[in-house]
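# Structural characterization, general
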Amino acid sequence: MLSLLAMCAMATIGITGGIIVMLVTQSWHFFNSEYVSVTEFLTGTRWTALQSKNIEDAEFGIWPLLSGTFRVTAIAMLIALPSGLITAVYLSEFATKKVRAILKPTLEMIAGIPTVVLGYFAVLVIGPSLQWMTDGGFDAFNATSAGIAVGILCLPMVCSLSEDALHAVPRALREGAYGLGCTPFETSVKVVIPAALSGIVSAFLLAFSRAIGETMVVALAAGTQATYTIDPRTQSQTMTGFIVEMIKSENEYGTVQYFSLYGVAITLFVITFAMTLIGQLVRRRYRESYA
């Protein structure tokens, strides 16, 4: 049994290593191309890998894709983080058993909705609603509708993980705060949340990484035009959205356009890996230990 467990652990390490090797080897063909400059890739503000008919005219600046990704992610986090934390505090500290029995399954149902369904919800409901409220101020496909749908997607994750962190705070801390005359609200804000801060921050960073890596919602609702802007009303092709579009395109294997998807993929991997490391450091730095 011990050998079996060790083999399972080694298999996960091997799979991760295989993914890294695949990304590095395939992206090397992209960065080693005569049509691609690493400096242009890291600093350029135009991405026309699919729009240019001639490879000589193609531009591979990653910032339009990064801009679209962070626009969608920022909107999603503005929805998921405060709503998820407030819901977690309510469920952990204030909700009755009857209310909790209703809200918890509801959140679990949201977590079980397929992402493609949320993508079509953004296209058919959120996008037209934004256009109606602003009298056509939004594009048909835009970062806001995609960000709202991704925020709904990340909300159960933030709520569930934050609630687990709040539940882990010892009851003695709450009773001590009550003994000093604190109200339930003051106890929650000034005692429980600071004590569970490491778990809450980890939940936030995990949701952030989840939003960055979301594919189907942004592929359907954000648009296919890479734009370098902060305007959330315009189309916003993300890194994952470009990968999906490139796979569906007619570019043959071996072309620079084809290998560009691996250049984008390894950039996305580095960002999510960095977020994971930051989450680990934050958890170790602010973790509270109780006897």
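Overview of the structure. (Residues numbered from 1 in each chain as written. Predicted model: local features only at pLDDT ≥ 70, side-chain atom pairs only at ≥ 80, totals over all residues. Heavy atoms only, no water.)

## Examining the packing of aromatic side chains
The relative placement of two aromatic rings is captured by the distance of their centres and the angle of their planes. Our working rule: Two rings from Phe, Tyr or Trp (for Trp, the six-membered ring) form a pair when their centres are within 6.5 Å of each other. A pair whose planes differ by under 30 degrees is stacked, one over 60 is edge-to-face, and the rest are tilted. Counting from the N terminus, the helices are the DSSP runs of H or I reaching at least four residues and the strands are the DSSP runs of E reaching at least two. Between buried and exposed lies partly exposed: a residue is buried under 20% and exposed over 50% of the maximum accessible area for its type, with that area taken using a 1.4 Å probe on protein chains only.
Under the counting rule described, the total for this entry stands at 10 aromatic pairs. Arranged with centres 5.0 Å apart and planes meeting at 90 degrees, the rings of Phe-31 and Phe-41 form a pair that is edge-to-face. Residue Phe-31 is found in helix H1 (residues 2-31), and its partner Phe-41 is found in helix H2 (residues 38-43); the two are separated by 10 residues along the sequence. Look at Trp-47 and Phe-60: their rings are 5.6 Å apart centre to centre, the planes differ by 85 degrees, and that puts the pair in the edge-to-face class. In this pair, Trp-47 sits in the loop between H2 and helix H3 (63-94) while Phe-60 sits in the loop between H2 and H3, placing the two residues 13 residues apart along the sequence. Across the pair, exposure class does not vary: Trp-47 and Phe-60 are buried alike. Aromatic ring contacts, followed pair by pair, group Phe-30, Phe-31, Phe-41, Trp-47, Phe-60 and Phe-242 into a single cluster.

## A look at the nonpolar core
The test is simple: What makes a nonpolar core is a set of buried Ala, Val, Leu, Ile, Met, Phe, Trp, Tyr and Cys residues whose side-chain atoms join them at distances within 4.5 Å. Any two residues whose heavy atoms approach within 4.5 Å are treated as being in contact.
One finds Trp-47, Phe-60, Leu-65, Phe-242 and Val-264 to be the most contacted residues of the largest nonpolar core, which totals 28 residues. Contributions of two or more residues to this core are made by H1, H3, helix H11 (239-248) and helix H12 (256-286). Considering every element that reaches this core, the biggest residue donor is H12, with 10 residues. What Val-264 contacts, discounting residues up to four positions off in sequence, is Trp-47, Ile-62, Leu-65, Met-239, Phe-242 and Ile-243. Counting 24 residues, the second-largest nonpolar core is a separate cluster that includes Ala-122, Cys-154, Ala-207 and Ala-222.

## A short note on the pattern of salt bridges
Worth spelling out the cut-off: The term salt bridge refers to a side-chain nitrogen of Lys or Arg lying within 4 Å of a carboxyl oxygen of Asp or Glu.
Using the criterion set out here, one finds seven salt bridges in the structure. For Arg-174, the salt bridge goes to Glu-93, with nearest N and O atoms at 2.8 Å. Here the residue Arg-174 occupies a position in helix H7 (residues 171-179), and Glu-93 occupies one in helix H3, the gap between them amounting to 81 residues. With respect to class, Arg-174 is no different from Glu-93; both count as buried. Here Arg-171 ties to Glu-175 by a salt bridge, and the two come within 3.9 Å at their closest N and O atoms. Here Arg-171 and its partner Glu-175 are both found in helix H7, four residues apart, which amounts to about one turn of the helix. Put simply, Arg-100, Lys-104 and Glu-163 are held in one network by salt bridges that share partners.

## Notes on the environment of Glu-34
Its location among the elements puts Glu-34 in the loop between H1 and H2. Put simply, Glu-34 and Thr-224 are 190 residues apart on the chain and 26 Å apart in space, counted from C-alpha to C-alpha.

## Some remarks on the environment of Thr-39
Topologically, Thr-39 is positioned in helix H2. For Thr-39, a relative accessible area of 56% corresponds to the exposed category. Through-space distance from the C-alpha of Thr-39 to that of Ser-27 is 15 Å; in sequence the pair is 12 residues apart.

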